[in-house]
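Read off the chains here:
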Protein chains: 2
Amino acid sequence: MNVLLTLAYDGTNYHGWQRQENAISIQERLEDAISKVCKTEISVIGASRTDTGVHALGQRAMFAKNSNIPIEKFTYAINTQLGSDISVVKSEAVADDFHPRFSAKNKTYRYKIYNAPFRNPILRNYSWHVYHDLALEKMKEAAKYIIGEHDFSCFCASGGQAKTTVRTVYNLSLSKENNEICIDINGNGFLYNMVRIIAGTLVYAGMSKIEPKSIKDIILSKDRTRAGITAPPQGLTLMEINY
Amino acid sequence: MNVLLTLAYDGTNYHGWQRQENAISIQERLEDAISKVCKTEISVIGASRTDTGVHALGQRAMFAKNSNIPIEKFTYAINTQLGSDISVVKSEAVADDFHPRFSAKNKTYRYKIYNAPFRNPILRNYSWHVYHDLALEKMKEAAKYIIGEHDFSCFCASGGQAKTTVRTVYNLSLSKENNEICIDINGNGFLYNMVRIIAGTLVYAGMSKIEPKSIKDIILSKDRTRAGITAPPQGLTLMEINY
C-alpha cells in the first residue's frame, strides 16, 4: 500500500524540491523525517519539482507504506520530525497504480506581485516586487490569449525534459487587493519555468512593453525571446494538484 | 527642520524596535543607516516600541535634518543602507513641535491568526497558528464589548509605563478568508501588550473558554488574570499611525 502526502513548505531556505548533492532540498528533509518515523530508509516520489525559493501549499509526495502506523497518523508523526518551514497537511492511502505526477489531472499555481514604489519587507520572500505601476486591465487582456491548448514553447525555459510542449491552460485569472496582484493559473501541466515566464510576460503587458494582442503571435512564433522575462522564484506557490 | 519617516519591517530577526545592549534592534539598524547617509551620528524618536518578532507596515520615526539631501530623497538614500527586512516607504518634513508618539491621534494594528489543524509554513512568522476550530461569530460578539473608552487594566501586561490605563478603542473588527482570521483594531493608544492580550481573549471566546458577554465584567474587574493569554508576537503588525 502507498501513502500520499499533501505538503506545505516555505521554499526560501531550500534548493528546491529535488534531492541533490551538496545542497539541502525539501525532498531530502522529508525523506529523512519519514525514515525516522518508519525506522527504515524511505524514498518518496514527488508530484512537482519546485525550484529554489518556490513555495508550496499543495505539493504531493508518495511513499511505500512500511510500518504499522495507521495512514492518517502519518501527518502527525512526520510533522514531529520536520522543522517549522515544512508541514504535512494530509496523509491518505492510494492505489498501487497511482502516480503523484502521471495521475495528476491539473495543477494550480499562484504567482504574487507586490506592485508599489518601495519594497514590503513582510512580502519579500513571497512576492516579486515590481515598482513600475502596472496596468491590471492590460494584464487581464493579455491573460485571455494564454488560456486554452497551445504549443507553449515561447514560455518554456531550456533544460526541460518534456516530450511535447503542448499544454492546456484551463484558467488564468488576475486579482488585485491593495498593492498585491495575484495571478492564479490552472492547467493540465506546465513546462519548465512556464508559470514564471507567463508572470514575466503579463508584467511586460502591464508595463506596456508587450501589446496584449501580440501574445497570440508570440505563442504562434514559439520564440522564447519574444516573451517576457522569467519572474523570480519567490513569487511562486504551488497551490493544488487535482487527481 | 525634522524629518518623519514611515517604515515597514519584518520583525522576525530583531529584538524589537528599541535600541538596547547586546541585541540587534530595528532602531539601531535604522540609526546606523541614517548616520551613514547624513555622515554624522543620528538618533531617531520612534512612534511605537514594537516587541521582538512584531512587524510593521506603518511605523514612524523622526530625526533632526542634518544634511543637504532634499526631504523626499531620504527614502531612497536610507533604503540603500538597509537590508531587505527594513524599508523606508515615505519621508516628509514635520514642524518643530511635532512628536511621533505624542502627536499621534490613533493607531491601527492587525493581528493575524491561522486557524487550521496543521501549520502553514508560509505564515509561520506572520500569524498565530491556532489548531482548535474557532467560532468567528463568538469572537465578533466579544469584540463589541471592547470597543469604546474603558479602563483596560485587564488587557495590560505588567511592565508598562503608562500613567493611566484608560484608552479608547474606536474600531475592532474581525474578518476571515480561507483559514486566516484578521483582527483589526484602531484606538487612541494601547497599553503594554494590549493588542496581543485582546487577541488572546478573542481566541478564548472563539474556543468557548470565555463567554462573549462576560467581557464586560472582565473589563470592569480590571483583573488581568480573567482575560485570555497574551497571543504570540509574530501575529502582530503595526499598520498605521494617524496624526
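Residues numbered from 1 in each chain as written. Chains lettered and ligands numbered in written order. Predicted model: local features only at pLDDT ≥ 70, side-chain atom pairs only at ≥ 80, totals over all residues. Heavy atoms only, no water.

It is worth spelling out the environment of lysine 73 of chain A at this point. Residues and elements named next belong to chain A. Here lysine 73 is to be found in the loop between strand 3 (55-64) and helix 2 (74-79). Residue classification places lysine 73 among the partly exposed residues on the basis of a relative accessible area of 44%. In sequence terms lysine 73 and glutamate 92 are 19 residues apart; their C-alpha atoms lie 9.5 Å from each other. (Helix = DSSP H or I, 4+ residues; strand = E, 2+ residues; numbered from the N terminus. Buried < 20%, exposed > 50% of the residue type's maximum accessible area, 1.4 Å probe, protein only.)

All names here are of chain B. Positionally, glutamate 137 belongs in helix 3 (residues 136-144). For glutamate 137, a relative accessible area of 56% corresponds to the exposed category. A sequence separation of 37 residues divides glutamate 137 from leucine 174, and the C-alpha atoms of the two residues are 9.3 Å apart.

Let us now look at the relation of the copies chain A and chain B. Mapping chain A onto chain B calls for a rotation angle of 180 degrees and an axial translation of 0.0 Å; the resulting RMSD is 0.0 Å. This pairing of chains is accounted for by a two-fold axis. Both copies contact each other with a shared surface, as 100% of the interface residues of chain A are interface residues in chain B too. (Least-squares fit on C-alpha atoms with pLDDT ≥ 70 in both. Contact = heavy atoms within 4.5 Å.)

Before going further, it helps to spend a moment on the interface of chain A and chain B. Opposite the 27 residues of chain A that make contact, chain B presents 27 residues. Regarding the contact of chain A and chain B, the summed buried area is about 2100 Å², with carbon and sulfur atoms giving 60% of it. On the chain A side of the interface with chain B, the three residues burying the most area are Phe118, Arg119 and Ile122 of chain A, jointly 36% of the side's total. Scanning the region where chain A abuts chain B turns up two salt bridges. A salt bridge links aspartate 10 of chain B to arginine 124 of chain A; its shortest N-O distance comes to 2.8 Å. Counting the contacts that link chain A with chain B gives 10 residue pairs in polar contact (both at pLDDT 80 or more). (Buried area = accessible area lost by both parts, 1.4 Å probe. Salt bridge = Lys/Arg side-chain N within 4 Å of Asp/Glu carboxyl O. Polar contact = N/O pair within 3.5 Å; in protein donor to acceptor, adjacent residues only side chain to side chain.)

Leu30, Phe63, Ile78, Ile113, Ile146, Phe155 and Leu202 of chain B are the most contacted members of the largest nonpolar core, which has 70 residues in total. The biggest single contributor to this core is helix 4 (residues 194-206) of chain B, with nine residues. Excluding its chain neighbours within four sequence positions, the residues that come into contact with isoleucine 78 of chain B are Leu5, Leu30, Ala33, Ile34, Val37, Phe63 and Val88 of chain B. By size, the runner-up hydrophobic cluster in this structure holds 68 residues, among which are Trp17, Ala104, Met194 and Leu236 of chain A. (Core = buried A, V, L, I, M, F, W, Y, C linked by side-chain atoms within 4.5 Å.)

Below, the discussion takes up the pattern of salt bridges. Residues and elements named next belong to chain B. Taken as a whole and judged by the stated rule, the model has 17 salt bridges over all chains. Salt-bridge contacts for arginine 19 lead to glutamate 31; the nearest nitrogen and oxygen are separated by 2.7 Å. Linking arginine 19 in the loop between strand 1 (2-9) and helix 1 (26-38) with glutamate 31 in helix 1, this pair joins segments that are 12 residues apart in sequence. In this structure glutamate 31 comes out as buried when scored by relative accessible area, which is 5%.

Attention now moves to the packing of aromatic side chains. Counted under the stated rule, the structure contains 15 aromatic pairs over all chains. For the pair tyrosine 9 of chain B and tryptophan 17 of chain B, a centre-to-centre distance of 6.4 Å together with 25 degrees between the ring planes defines the contact as stacked. Looking at tryptophan 17 of chain B, the relative accessible area reads 2%, which means it is buried. Sitting above the plane of the tyrosine 204 of chain A ring, lysine 209 of chain A keeps its charged end 4.7 Å from the centroid. (Phe/Tyr/Trp six-rings, centres within 6.5 Å; stacked < 30°, edge-to-face > 60°. Lys NZ or Arg CZ within 6 Å of the ring centre and 35° of its normal.)

What follows concerns helix 4 (residues 194-206) of chain A. All names here are of chain A. For helix 4, with 13 residues, the first-to-last C-alpha span of 18 Å sits near the 18 Å given by 1.5 Å per residue. Taking burial as the measure, the 13 residues of helix 4 include 13 buried ones, the bulk of the element. Backbone geometry just after helix 4 places serine 208 at a positive phi near 65 degrees. (Expected span 1.5 Å × (residues − 1).)

Residue and element names in this part refer to chain A. Across the 10 residues of strand 3, eight count as buried, placing the element largely inside the fold. Note: strand 1 (residues 2-9) against strand 3, seven bridges, orientation antiparallel. Following the sheet pairing, asparagine 2 is matched in strand 3 by alanine 64. Two strands pair when backbone bridges link them, and strand 2 (residues 45-46) and strand 3 are joined in this way by two bridges, in the antiparallel orientation. (Pairing = 2+ DSSP bridges.)

Before going further, it helps to examine the confidence of the model for chain A. Averaged over all residues, the pLDDT of chain A equals 96, while 100% of them reach at least 70. We note a pTM of 0.93 for the whole complex and an ipTM of 0.90 for its interfaces. (pLDDT = per-residue confidence, 0-100.)

Residues and elements named next belong to chain B. With their axes 7 Å apart at the nearest point, helix 3 and helix 4 run at an angle of 130 degrees to one another. Relative to helix 4, helix 3 is oriented oblique. For the pair helix 3 and helix 4, the sense of crossing is right-handed. Residues Lys138, Met139, Ala142 and Ala143 of helix 3 form the contact with helix 4, whose own contacting residues are Leu202, Val203, Ala205 and Gly206. Among the residues forming the contact of helix 3 with helix 4, the class breakdown is six nonpolar, one polar and one charged. (Axes fitted to C-alpha atoms, helices over the stretch in contact; angles between N-to-C directions. Parallel < 35°, antiparallel > 145°, perpendicular 65-115°, else oblique. Left-handed = near helix turned anticlockwise from the far one by under 90°. Nonpolar A, V, L, I, M, F, W, Y, C, P; charged D, E, K, R; others polar.)

This part takes up helix 3 of chain B. Because each turn of an α-helix spans 3.6 residues, side chains separated by three or four positions end up pointing in the same direction. Residue and element names in this part refer to chain B. Here helix 3 has its buried residues at Leu136, Met139, Ala142 and Ala143. On an axial view of helix 3, the arc spanned by its buried residues comes to 120 degrees, and they lie on one face. Projecting away from the buried face of helix 3 at angles above 90 degrees are the exposed residues Glu137 and Lys144. Of the surrounding elements, those touching the buried residues of helix 3 are strand 5 (106-115), strand 8 (166-177), strand 9 (180-187), helix 4 and helix 5 (215-221). (Arc of directions from axis to C-beta.)

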